[in-house]
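Here is what each chain is made of, one letter per residue.
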Amino acid sequence: MKLLALDTSSEGCSAALWLDGRVTERFEVAPRGHTRLLMPMVRELFAEQGLSPTDLDALAFARGPGSFTGLRIATGVVQGLAWGLDIPVVPVSSLAAVALAAIETHALQEGDCIAVAFDARMGEVYWGVFRCEAGLPVLLSEERVCPPDAVTLPPDAGGNWYGAGQGWTLKEQMPGELVERLSAIDDTLLPAAAQVAKLAEQGMANGQAVPAEQAQPVYIRDEVAWKKLPGRE
């Protein structure tokens, strides 16, 4: 399978090609450079591999949570390509991408757990907890946005716990007993297209691909606000 993955959900901007199990990537930290960098990265990858967009079987993108503006950039590019090429899209959680980066970077073992935090601004963090199973992150509870002092770990999840993601720079605001449970924290990890591509390959196998019009960003904060409106369920 040949799959193109994109990520613009954070300060990082990246594109990656999954080519039958081999991944090549372009990545750059550029908080305001996503629009300028993304398509040149894609063109470089295609040229390097001697491919064209028509060779692709699928697309993938980091669907959030993350930067609202960044998410819209990747979503727009992926939707345009998917419509033009008539191929499916696999949306991938940005939090899961960082959980996979932690598994790979720190050689986490089967059953180890990862608490991923992104700085959501406005005094909140995006939060997701995962368990390493067969080398991949499995979500343990619903991804959410909340103040740092409200983050929690599933009470029935054992094993070693690790913190990942730049939201952990706010650990002084998180519950002390939670932070003490962690074996280590890596607050440098960002979402990246290489991990998005690997998770998307599994997503394709598990039937998670969608048509272009259903490839939508997940903001979480907007969804929470919508649910809180009077009369909304």
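In this report, we go over the structure that sits alongside the text. What you see is a predicted model; the values in this text were computed from it and never measured.

Running from amino to carboxyl end, helix α3 (residues 94-105) crosses helix α5 (residues 193-205) at an angle of 100°, the nearest separation of the two axes being 9 Å. Classified by the angle between their axes, α3 and α5 sit roughly perpendicular to one another. Between α3 and α5, the residues in contact are Ala96, Ala97, Leu100, Ala101 and Glu104 and Gln195, Val196, Lys198 and Leu199, respectively. Considered class by class, the residues forming the contact of α3 with α5 number six nonpolar, one polar and two charged.

One pass over the structure, following the stated rule, counts two aromatic pairs. Both rings, one in Phe68 and one in Tyr219, keep their centres 4.6 Å apart while their planes meet at 40°; by these two values the pair is tilted. With Phe68 in helix α2 (residues 68-85) and Tyr219 in the loop between α5 and α6 (221-228), this pair connects stretches of sequence that are 151 residues apart. You can call Tyr219 buried: its relative accessible area is 15%. Between Trp127 and Trp168, the ring centres sit 5.6 Å apart and the planes meet at 55°, which makes this aromatic pair tilted. One end of the pair, Trp127, is in strand β7 (residues 124-133); the other, Trp168, is in the loop between β10 (161-164) and α4 (176-180), and 41 residues separate them in sequence. Summarising the burial analysis for this pair, Trp127 and Trp168 share the class buried.

Pairing between strand β2 (residues 12-19) and strand β3 (residues 22-29): eight bridges, direction antiparallel. For Gly12, the partnering residue across the bridge sits in β3 and is Val29. A loop of two residues connects β2 with β3, the two strands running antiparallel in sequence, and Asp20 in this loop sits at a positive phi of about 50°.

Conventions we followed
Residues numbered from 1 in each chain as written. Predicted model: local features only at pLDDT ≥ 70, side-chain atom pairs only at ≥ 80, totals over all residues. Heavy atoms only, no water. Axes fitted to C-alpha atoms, helices over the stretch in contact; angles between N-to-C directions. Helix = DSSP H or I, 4+ residues; strand = E, 2+ residues; numbered from the N terminus. Parallel < 35°, antiparallel > 145°, perpendicular 65-115°, else oblique. Contact = heavy atoms within 4.5 Å. Nonpolar A, V, L, I, M, F, W, Y, C, P; charged D, E, K, R; others polar. Phe/Tyr/Trp six-rings, centres within 6.5 Å; stacked < 30°, edge-to-face > 60°. Buried < 20%, exposed > 50% of the residue type's maximum accessible area, 1.4 Å probe, protein only. Pairing = 2+ DSSP bridges.

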